[in-house]
Amino acid sequence: MKKILSFLMVLVIAVIPMTVFASNFVPSISYKGAPEIVLADPATGLVGEVEGNVGTAEHDRKVYTNCLVVTPVSEASTSTEIPTTAAQTLLTVYGQLNNQETRLSELSDELNLLVASKLGNGKDADDLIVKDLFDVSVLCDNLAASLAPAGTTLDITFDISVAADEEVFIMTYKNGSWAPIENVVNNGDGTVTGTFENFCPVAIFVEGEGRPDSPETGVLDLSYVWAIVAAVSAILIVCVLVINKRAVKKSK
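The following paragraphs examine the structure supplied in this document. Predicted model only: the values in this text are computed from it and were never measured.

### A word on the overall build of the protein chain
So, step 1. What the protein chain contains, in helices and strands, is 5 helices and 11 strands.
So, step 2. Burial analysis of the protein chain (252 residues in total) assigns 42% to the buried set.
So, step 3. On the protein chain, roughly 13500 Å² of surface is accessible, and the fraction owed to carbon and sulfur atoms is 55%.

### Some points on the pattern of salt bridges
So, step 1. Scanning the model with the defined rule gives 4 salt bridges in all.
So, step 2. Of the charged contacts in the structure, one is a salt bridge between Lys32 and Asp132, with a shortest N-O distance of 3.3 Å. Of the two residues, Lys32 is situated in the loop between α1 (2-21) and β1 (36-38) and Asp132 in strand β5 (residues 128-138); the sequence distance between them amounts to 100 residues.

### Notes on the sheet that holds strand β4 (residues 68-72)
So, step 1. One open sheet holds the 5 strands; their spatial order is β4-β5-β11-β7-β8, and the pairing between them is antiparallel. The sheet is open, and its two edges are formed by β4 and β8 (177-180), each paired on a single side. Across this sheet, the average inter-strand angle for adjacent strands is 30°, counted without regard to direction.
So, step 2. Taken together, the 4 bridges between strand β7 (residues 168-174) and β8 define a ladder with antiparallel strand orientation.

Criteria and cut-off values
Residues numbered from 1 in each chain as written. Predicted model: local features only at pLDDT ≥ 70, side-chain atom pairs only at ≥ 80, totals over all residues. Heavy atoms only, no water. Helix = DSSP H or I, 4+ residues; strand = E, 2+ residues; numbered from the N terminus. Buried < 20%, exposed > 50% of the residue type's maximum accessible area, 1.4 Å probe, protein only. Areas by Shrake-Rupley, 256 points an atom, 1.4 Å probe, with all protein chains shown as cover. Salt bridge = Lys/Arg side-chain N within 4 Å of Asp/Glu carboxyl O. Pairing = 2+ DSSP bridges. Axes fitted to C-alpha atoms, helices over the stretch in contact; angles between N-to-C directions.

Printed below as a string of structure tokens:
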């Protein structure tokens, strides 16, 4: 019995590190839900109004929630709302961020400058961790046309349960490259507002330990780890009970 218990304990010790580090950079992102859009007018579903190009048809066009779909990585392969190409792109960028060799400081020089200006000299994007990764796609043709001209923007507020004193950085992925959004406001109530020029994969970063030397550092949902620990522990208990029961029968 001791040999069996020893084997099971070794199994537990082996499984837990694999659970923690198997997904490397953003393990919790792979099963997180999409952040909720905070509506400007909940009664009508108004998200906001397109700004820019004053005097044109695009200016002040109202955008409603039925024209947008927010899709997390966890639903990229199963959602029937997100366009196929958008889903594929979302999975591609997740693979990029989840790669052990990826360094945030190499994604965008502009992001490094923003981090240094907000967090202080000596800081760069490697001092950030990914909090959310999702896609924002347009379902209405008239909205897509409204945001096509250069200079048109739309403010969107997301509830991401961020601390009031945290600096938040938002990056969008367009035409094969990442670019930071300069106008990002932490509203102090768990929500963040960003000024978007296009709809595409969106990554939200906050300050953390980063991973300048360790690619495994990332946003980790500890509830997932403890669930694994609980499951393995339950298996151990059942095995012990079965072994003890057999031992009692033999003794009789």
